[in-house]
Amino acid sequence: MNTSKNNDSNKQYTKGTLGTFGGVFTPSILTILGLILFLRLGYVVGQGGLWRTLIILALANGISVLTTISLSAIATSLTVKGGGDYYLISRTLGLEFGGAIGLVLFLAQSVSIAFYCIGFGEVISGILQVQTGYFPQVIAAGAVMFLFIFAWLGADWATRLQYMVMAVLIAALISFFVGGMVKWDSALMVENWKTNSGAQGFWVLFAIFFPAVTGFTQGVSMSGDLKDPGKSLPVGIFMAVGLSMLVYFFASIIMAATLPKETLISDYNAMQHVAVVDFLIVAGVIAATLSSAMASFLGAPRILQSLSGDRIFPVLNLFAKGVGSSDNPRRGVLLSGGIALCMIAIGKLNLIAPIVSMFFLVSYGLLNYATFFEARSGSPSFRPRFKFYDYRVSLVGGAACLVAMLAVNVTAGVVAIAFLTAIYQYLKRTAGPSRWADSQRSYHLKMVRQHLFAAAEETEHPRNWRPQLMVFTNDVKRRRPIIQFASWLQGSSGVTAAVQVLEGKGAAMVKYRETAAAALKKNIKEEKVEMFPLVISTPDLDIGIHALIQSYGIGPLRPNTILANWIEPLPRFESDENARELGYYMRIAFRQECNIVLLNIKAKEWINPEALPAGQKRIDVWWEGDASSRLMLLFAYILTRNSKWQDARIRVLDTVYDKASEKTVADLEKTLSDFRIDAVPEIVPTRDINTVVAYSADAALVFFPFRLKNYTPLDPFGNSLDLLFSQLQTAVSVLAARDIDLDAEPDEGGAAELAAANDAFYGALKKEEKAEQDADEASRLAEEKLKKLQAAALSNADEDTVRRLNAEALSAKDAAVKAARKAAKWSAKVINYKKDLEKMGETVPGD
């Protein structure tokens, strides 16, 4: 793939000379007011009735309006250069989408030249009443050559031709509308309002009419020839769409009010019966076909020029060159003209035309999606000057385009999408790095932000554990093996940071750090692995590593595992005390609850799993039944998910704990079954360094645990790791900082504990409320009984009454005390449950 710079940057951008009217409005309106208006609108009115026709107009033009709003937003949020739709989509959705839509739009517009010129040839044949089979094609070829001259001369000359065509078109419409007012028949309009039985279906008529609105962005292709694209594009397109809507609306009403259904349905030249000067309608048809073809002849080469300038398809690079101060794409004009002539010669336009319409519709859908994508990415750079915009408009516009594709022609839509998808996939594999800044990074960053916050809200659970690795890569000679191993260890679920720590300060260290970062990034790219490079410099190694381990990461995405080469040469520790110094830094990581993984390998002995025979591709895990053992087993399983290790066999080795070895094997098999990990358990008679070497010397990879004692890493037998590492081909030693429950159930863990604590808190809260109500009621009753007793005493009641009331008062007081104690008890429980929830980080109601 050619890796030269983007054409936008290696030559100064040439500013155009056309304004809004000539550069955008004119080509757009002339394409919209085309053959459908003059030859098919009457048929739609006759078949569907006026009410259905107005609905079809509203739906079709609704897509135009929605897409125009999207276009206005995105065109006023960046500096628009040549290429129109292609430029806007590629600079938003990226090289792959842009390249695919650019190529199909160029082909679609080139074929459209032939399509419109064939229409012109058929009209001329009808006027001359020539029935020769190839005569329309000959006329069409002549029209292509005629229009080729204006396209070759440049946009200024072509615009002058379009002004002449517009004058003819205006005269034809005036003749039609004047005739319509003269021949107006209200009763006929009422008759034509309804739909007769047996008429064509709604979506069939929609499919017939819809191509009329597919040309509203023809002016967008002229973006490179505009003085101020950001201003001209939205204004010109809105003007064209708005005016064309009015023309089609009133033309439909005139048709319904002047001609009977039979004429509308059977005579495609029905407009001539309405017009004051019928020949002007014929001239209008001719003008419509030529203007549409001219717009395509201007647009196609400019899309190709912009696409070629971006060097996406090397074979098209020669079409990037333009001629003159306006950078007229004459090479593209030649190719477009050649394609048009070939299509006229083939003569299969009726087969190709539906697919071409779908290409335009796909481009409108992608334009809506691109604007939605840009707006939803949340990038501060999206600052459209067009203020009447909401991202939901683009979403509705994109969905409407998809619905229209299915409604108009499902087969053509599927073919168009399949063709576009094929080009997209091709570019994804071959295009290389992007040549410009699109919105994909902004979108990814927005998704990262949303997902990080969402993940932070969820409670940690063993089922969601995945390796988040921090890999120390100071030893450049052993960097390649450890980077490869890290990529296997993270699998497709983890995230890895490849770290290099430099000790020093000053300007020289800044430069050195930049050089080291570039080298590390290059090494990662060469190994074709997914990880993030990080090079830091620190005046003090102890402080730097402390800070790095504690602070690296964001939100829930923090390293949980440290991976390092055994005796990684540190900047200032290259003596025999390396192991102790390494153990010191491992202790720092361990206290931060990071698992430690030590890899022992020399570059010249590094394993290539794909080169190993099936029998030797074995991973041995030396089992002790502790947290480190479970972590080693999980790492071994993750390795087998990698394509290079997928046919490897995991063997778990344990020591006989008692004479009943069968029980030990059964227990180990049950453990592996509970963990849902396919592995072969094996019992060894003794457990010492010689046994490990004897059983695992031929293994492709060996996992065994280690421990730290006074900052010194020791193997399971209390020896220095050097002793065991030196006798194994490739070995990995693991120390787990936190236990991982490999058979954890969804209903267990932090989420279940939080749910139980929530249930306990809110349950106690309800009981506290009920107990307080009961206590208040008991206190009220006790007070009431006391008042009755006092009243009886003051009224000199008899002794039995006083005795009875006194007993009732004492009983009520007792009940009130008990109720108060019960309420206090539940209040204390609520306080305790609230503290439990706060320890879990949960927000709880205040007092």
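These numbers come from a predicted model, not from an experiment.

Chemist: Describe the overall build of the protein, naming the residues involved and giving the relevant values.
Modeler: Broken down by element type, the protein carries 28 helices and 12 strands. Over its C-alpha atoms the protein spans a radius of gyration of 40 Å, topping by over 25% the 29 Å that the globule rule assigns to 847 residues. By principal-axis analysis of the C-alpha atoms, the protein measures approximately 110 × 110 × 60 Å. Taken across its 847 residues, the protein has 52% of its residues classed as buried. Of the roughly 39,700 Å² of accessible surface on the protein, a fraction of 58% belongs to carbon and sulfur atoms. For the protein, the distance from the average position of its 83 positive side-chain charges to the average position of its 77 negative side-chain charges is 8 Å.

Chemist: With reference to specific residues and values, describe unusual backbone geometry.
Modeler: Although it is not a glycine, Gln129 adopts a positive phi angle of roughly 55°. Note that Gln129 resides in the loop between α5 (95-128) and α6 (135-153). For Gln129, a relative accessible area of 64% corresponds to the exposed category. Positioned with a positive phi, Arg311 is a non-glycine residue whose angle comes to about 55°. Among the residues examined, Arg311 registers a relative accessible area of 22% and is labelled partly exposed.

Chemist: I'd love a proper account of the packing of aromatic side chains, names of residues and values included.
Modeler: Here the structure, examined in full by the defined rule, presents 32 aromatic pairs. Positioned above the aromatic ring of Trp436, the side-chain terminus of Arg91 is 3.8 Å from the ring centre. Sitting above the plane of the Trp157 ring, Arg160 keeps its charged end 4.7 Å from the centroid.

Chemist: Any chance you could break down the packing of helix α19 (residues 479-490) against helix α23 (residues 627-640) for me, citing the residues and the numbers?
Modeler: At their nearest, the axes of α19 and α23 sit 7 Å apart, and the two run at 95° to each other. Relative to α23, the element α19 lies roughly perpendicular. Where α19 abuts α23, its residues Trp488, Leu489 and Gln490 lie against Phe635, Ile638 and Leu639. When grouped by side-chain class, the residues that make up the contact of α19 with α23 number 5 nonpolar, 1 polar and no charged.

Chemist: Can you explain the packing of helix α3 (residues 35-75) against helix α13 (residues 278-309)? Please cite residues and give values.
Modeler: Across the interface, α3 lies against α13 with an axial gap of 8 Å and an inter-helix angle of 125°. In terms of orientation, α3 lies oblique with respect to α13. From α3, Leu35, Phe38 and Leu39 reach across to α13, where they touch Ile281, Gly284, Val285, Ala288 and Thr289. By residue class, the composition of the contact of α3 with α13 is 6 nonpolar, 2 polar and no charged.

Chemist: Talk me through a nonpolar patch on the surface; I want residue IDs and the actual numbers.
Modeler: Side chains of Ile170, Ile174, Val178, Met181, Val182, Val276, Val277 and Phe279 sit close together on the surface and give an oily, nonpolar patch of about 790 Å² of accessible area. Per element, the largest residue contribution to the nonpolar patch is 5 residues, and it comes from helix α7 (residues 155-182).

Chemist: Could you give an account of α13, naming the residues involved and the relevant values?
Modeler: For α13, which comprises 32 residues, the first-to-last C-alpha distance of 47 Å matches the rise-based estimate of 46 Å (1.5 Å per residue) to within 8%. The buried fraction of α13 amounts to 29 of the 32 residues, a majority that puts the element mostly inside the structure. Where α13 terminates, the next one or two residues include Arg311, which has phi positive at roughly 55°.

Chemist: Explain the nonpolar core residue by residue, including any values.
Modeler: In terms of nonpolar packing, the biggest core is built from 139 residues, with Phe38, Phe209 and Tyr248 touching the most fellow members. The contact partners of Phe38, leaving out residues within four places of it in the chain, are Leu33, Leu169, Ala172, Tyr268, Met271, Ile281, Gly284, Val285 and Ala288.

Chemist: Requested: an account of the sheet that holds strand β12 (residues 731-735), with residues and values cited.
Modeler: Overall, mixed pairing links the 10 strands, which are arranged β3-β2-β1-β4-β5-β12-β9-β6-β7-β8 in an open sheet. Single-partner strands in this sheet number two, and they are β3 (532-538) and β8 (680-684). Each neighbouring strand pair of the sheet contributes to a mean axis angle of 25°, computed without reference to strand direction. Examined bridge by bridge, strand β6 (residues 618-622) and strand β9 (residues 701-705) share 3 bridges and lie parallel to one another. Across the sheet, residue Val621 finds its bridge partner in β9, namely Phe703. Those strands touched by α19 are β1 (468-472), β2 (495-503), β4 (561-565), β5 (595-600), β9 and β12, and its axis lies near 175° from that of β1. Sheet strands touched by helix α25 (residues 689-696): β6, β7 (649-655), β8 and β9. Its angle to β6, the strand with the most contacts, is close to 160°.

Chemist: Let's hear about the side chain of Lys261: which residues, and what values?
Modeler: Looking at the element boundaries, Lys261 is found in helix α11 (residues 261-266). Buried and unpaired, Lys261 has Glu191 as its nearest opposite-charge partner, separated by 6.5 Å.

Chemist: Outline the pairing of β9, listing residues and values.
Modeler: The element β9 is extensively covered by neighbouring structure, given that 5 of its 5 residues are classed as buried. Here β9 shows a buried face lined by Leu701, Phe703 and Pro705 and a second buried face lined by Val702 and Phe704.

Chemist: Can you lay out the pattern of salt bridges for me, pointing to particular residues and giving the numbers?
Modeler: Tallying each qualifying case throughout the model produces 22 salt bridges. Arg738 serves as the salt-bridge partner of Glu593, at 3.9 Å between the closest nitrogen and oxygen. Highlighted residues: Glu593 in the loop between α22 (578-591) and β5 and Arg738 in the loop between β12 and α27 (750-794), separated in sequence by 145 residues. Take Glu593: its relative accessible area is 46%, and that puts it in the partly exposed class. Between Arg618 and Asp620 there is a salt bridge whose closest N-O contact spans 2.9 Å. Overall, Asp620 belongs to the buried group, its relative accessible area being 0%.

Chemist: Before we move on, can you summarise the side chain of Asp620 with the specific residues and values?
Modeler: Checked against the element boundaries, Asp620 lands in strand β6. Beyond its immediate stretch of four places on either side in the chain, Asp620 contacts Arg651, Leu653, Tyr695, Ser696, Ala699, Leu701, Val702 and Phe703.

Chemist: Pulling in residues and values, what's your account of helix α17 (residues 410-430)?
Modeler: Given a rise of 1.5 Å per residue, 21 residues ought to cover 30 Å, and the 30 Å separating the end C-alpha atoms of α17 matches this to within 8%. Within the sequence span of α17, burial applies to Ala412, Gly413, Ala416, Leu420, Ile423, Tyr424 and Leu427. Down the axis of α17, the sector holding all buried residues measures 105°, keeping them to one side. In α17, those exposed residues whose orientation departs by more than 90 degrees from the buried face are Thr411, Val414, Lys428 and Arg429. N-cap assignment for α17: the residue whose side-chain oxygen lies 3.3 Å from the backbone N of Thr411 is Asn409.

Chemist: I'd like a description of the confidence of the model for the protein, backed by residues and values.
Modeler: On average, the protein scores 85 in pLDDT, and the residues at 70 or more come to 94%. Ranking the helices and strands of the protein by mean pLDDT puts β12 first, with 95, and helix α1 (residues 7-10) last, with 41. Of the regions scoring below 50 in pLDDT, residues 1-13 engages in 33 contacts with residues more than four places distant in sequence or in other chains. Below pLDDT 50 for its whole length, residues 568-576 participates in 24 contacts with residues either more than four positions away or in separate chains.

Chemist: How would you sum up the pairing of β6? Please name residues and give values.
Modeler: As a general feature of sheets, a regular strand has side chains that alternate between the two faces. The buried fraction of β6 amounts to 5 of the 5 residues, a majority that puts the element mostly inside the structure. Neither face of β6 is left uncovered, since the one carrying Arg618, Asp620 and Trp622 and the one carrying Ile619 and Val621 both have all their residues buried. In this structure, β6 lies alongside β7, joined through 5 bridges in parallel fashion. Paired with Arg618 across the two strands is Arg649, which belongs to β7. Handedness of the crossover is the feature at issue here: the chain leaves β6, passes through α23, returns alongside β7, and the resulting connection is right-handed.

Calculation rules
Residues numbered from 1 in each chain as written. Predicted model: local features only at pLDDT ≥ 70, side-chain atom pairs only at ≥ 80, totals over all residues. Heavy atoms only, no water. Helix = DSSP H or I, 4+ residues; strand = E, 2+ residues; numbered from the N terminus. Rg over C-alpha atoms; globule rule 2.2 N^0.38 Å. Buried < 20%, exposed > 50% of the residue type's maximum accessible area, 1.4 Å probe, protein only. Areas by Shrake-Rupley, 256 points an atom, 1.4 Å probe, with all protein chains shown as cover. Lys, Arg positive; Asp, Glu negative; His and termini not counted. Charge placed at Lys NZ, Arg CZ, Asp CG, Glu CD. Phe/Tyr/Trp six-rings, centres within 6.5 Å; stacked < 30°, edge-to-face > 60°. Lys NZ or Arg CZ within 6 Å of the ring centre and 35° of its normal. Axes fitted to C-alpha atoms, helices over the stretch in contact; angles between N-to-C directions. Parallel < 35°, antiparallel > 145°, perpendicular 65-115°, else oblique. Contact = heavy atoms within 4.5 Å. Nonpolar A, V, L, I, M, F, W, Y, C, P; charged D, E, K, R; others polar. Patch = residues over 30% accessible without salt bridge, like charges linked within 9 Å, V, L, I, M, F, W, Y side chains within 5 Å. Salt bridge = Lys/Arg side-chain N within 4 Å of Asp/Glu carboxyl O. Expected span 1.5 Å × (residues − 1). Core = buried A, V, L, I, M, F, W, Y, C linked by side-chain atoms within 4.5 Å. Pairing = 2+ DSSP bridges. Arc of directions from axis to C-beta. Polar contact = N/O pair within 3.5 Å; in protein donor to acceptor, adjacent residues only side chain to side chain. pLDDT = per-residue confidence, 0-100. Right-handed = clockwise from strand over helix to strand, strands pointing away.

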